[in-house]
Amino acid sequence: MTQVALLDLKRQFSEVEADVRGRLEEILAGQSFILGPTVQELEAAIGRYAGVEHGIGVASGTDALLLPLKALDMKDGDEVVTAPFTFFATAGAIHNAGGRTVFVDIEPDTFNIDPALVEGAVTERTRAVVPVHLFGQMAEMKPLMELAERRGLFLLEDSAQSIGAKQRIDGEWRSTGQLGHATAFSFFPSKNLGGYGDGGMVATPHADVAERLRRLRVHGGVKMYHHDEVGFNSRLDTLQAAVLLAKLPYLDGWSAARRANAAWYDERFARLEETGALRRPRVLEHNESVYNQYTLRAQDRDRLREHLNAREIGCAVYYPLPLHMQPCFQYLGYREGDFPESERASREVLSIPVYPELTADERERVAVAIEEFYAAGA
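For residues other than glycine, phi is negative in most cases, and the peptide bonds are mostly trans. Look at the link from Tyr-318 to Tyr-319: it is a cis peptide, with omega at 20°. Assignment of secondary structure puts Tyr-319 in the loop between α11 (301-310) and α12 (340-348). Even without glycine at this site, Tyr-225 takes up a positive phi of about 65°. Residue Tyr-225 is classed as exposed on the basis of its relative accessible area, which comes to 71%. Not every positive phi belongs to a glycine, and Tyr-291 is a case in point at roughly 45°. Of note, Tyr-291 is situated in the loop between β11 (287-288) and β12 (294-298). Judged by its relative accessible area of 8%, Tyr-291 is buried.

What follows deals with the layout of surface pockets. In this model, the largest pocket occupies a volume close to 540 Å³. Lining the largest pocket are 33 residues, and of these Gln-161, Phe-188, Ser-190, Lys-191 and Tyr-319 sit closest to its centre. When contributions to the lining of the largest pocket are tallied by element, the ones reaching two or more residues are α3 (61-70) and α4 (89-96). It is α3 that contributes the most residues to the lining of the largest pocket, 3 residues altogether. Partitioned by chemical class, the residues of the lining of the largest pocket number 16 nonpolar, 13 polar and 4 charged. The calculated volume of the second largest pocket comes to roughly 180 Å³. Looking at the second largest pocket, the residues that line it are Val-218, His-219, Gly-221, Val-222, Lys-223, Met-224, Tyr-225, His-227 and Arg-235. Here the residues of the lining of the second largest pocket sort into 4 nonpolar, 3 polar and 2 charged.

The next subject is the sheet that holds strand β8 (residues 182-186). The strand order β1-β9-β8-β5-β4-β2-β3 describes an open sheet built from 7 strands, whose pairing is mixed. Each edge of the open sheet carries a strand with a single partner, namely β1 (54-58) and β3 (100-103). For this sheet, the mean angle separating the axes of adjacent strands, direction not counted, is 25°. By the bridge criterion, 2 bridges tie strand β4 (residues 126-129) to strand β5 (residues 154-158) in an arrangement that is parallel. Paired with Ala-128 across the two strands is Phe-154, which belongs to β5.

With that settled, consider the nonpolar core. The tendency in soluble globular proteins is for nonpolar side chains to be buried side by side. Phe-269 and Ile-370 are the most contacted members of the largest nonpolar core, which has 57 residues in total. Only α5 (115-121), α6 (141-151), α9 (251-268), β12, α11, β13 (349-352) and α13 (360-375) provide two or more residues apiece to this core. No other element matches α13, which puts 6 residues into this core. Not counting residues within four places of it along the chain, the set of residues in contact with Phe-269 comprises Leu-278, Arg-280, Tyr-294, Leu-296, Ile-352, Ala-367 and Ile-370. Among the nonpolar cores identified, the runner-up in size contains 25 residues, and Ile-56, Ala-64, Val-80 and Leu-216 belong to it.

A few words on the pairing of β12. Most of β12 sits out of view: 5 of its 5 residues are buried. Along β12, one buried face is formed by Tyr-294, Leu-296 and Ala-298 and the opposite face, lined by Thr-295 and Arg-297, is buried too. With 4 bridges joining them, β12 and β13 adopt antiparallel strand pairing. By the bridge assignment, Tyr-294 is partnered in β13 with Ile-352.

What counts and how
Residues numbered from 1 in each chain as written. Predicted model: local features only at pLDDT ≥ 70, side-chain atom pairs only at ≥ 80, totals over all residues. Heavy atoms only, no water. Helix = DSSP H or I, 4+ residues; strand = E, 2+ residues; numbered from the N terminus. Buried < 20%, exposed > 50% of the residue type's maximum accessible area, 1.4 Å probe, protein only. 1 Å grid on protein atoms, 1.4 Å probe; cavity = no way out; pocket = protein on both sides within 12 Å on 5 of 7 lines; lining within 4 Å. Points joined across faces, edges and corners; volume = space filled by probe spheres on them. Nonpolar A, V, L, I, M, F, W, Y, C, P; charged D, E, K, R; others polar. Pairing = 2+ DSSP bridges. Axes fitted to C-alpha atoms, helices over the stretch in contact; angles between N-to-C directions. Core = buried A, V, L, I, M, F, W, Y, C linked by side-chain atoms within 4.5 Å. Contact = heavy atoms within 4.5 Å.

Have a look at this one:
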């Protein structure tokens, strides 16, 4: 029996190989590997895609979070609000930028930060809010934008998983990248737009933010051997920029295919949801998800995962331990039970294959295996 992979990048490569090889050969012929015209071309392209003027290529999605936070020049005791149900990089960047992470719980339907809880967590020390657009769906941005405007807070969108996601606000569809002071994108290979190594980008509509970030990414100075501040070595690799430029024209089609696969699962699993065996992911009617993951809430999740693995069907738990329960964040003083929705999600979530090249037969295998598990009385 052949494996149904959680993600199969080899299939994607077969589609884009000619475009990628052409771009890479240009770089190899020119022998320019750090920043330069190719990175600038990608920065402009991602800026246009996100609907903002500025893109700043950096070394990773983590750095795309870290550098905007570092640009806030936070002092001891300054706070940044985010959710504990996300990848480590979100809170890790806050810590490494000198801030103190303040967690608030998530909405049970979307897995995203609950905006109704954010305002209660804001104090006179709060400098920023970092909503994470998890699994491909945007967090509720309008109340966060209004809060940030009212309280003078920096709003940083963590869009590592959600490039191209949209939200309708006041009747207008807006894209992730347009709604915060800055937005972090990741080009890790497993992302919807992934490179062949690490890479990231910050998108921003603000020229002053962009200027500071361009300085920070090259050791704090835009002129060779002149340093206005102590910065970082966080430059997007030119080879990665070439790969991403080759793949970018395919992105909307890939996102549409992910939505089609998700819609098929939604219909297939409706009956199982009625029984209480699982819960399908919820996408709010004013959101358009790009489904970086299709994430179920599953009864007896761990045994279901074992069942799928035994049948060579790829699946994964994102994330098994909320950040407030990670040993490195014990100093923040949170305890188990402080964020019940995040903790419950960590016990229940299971992501199954949804990538664009997934075949109809493979989807069927995934669905049948899940149905068999619950039919057996799990």
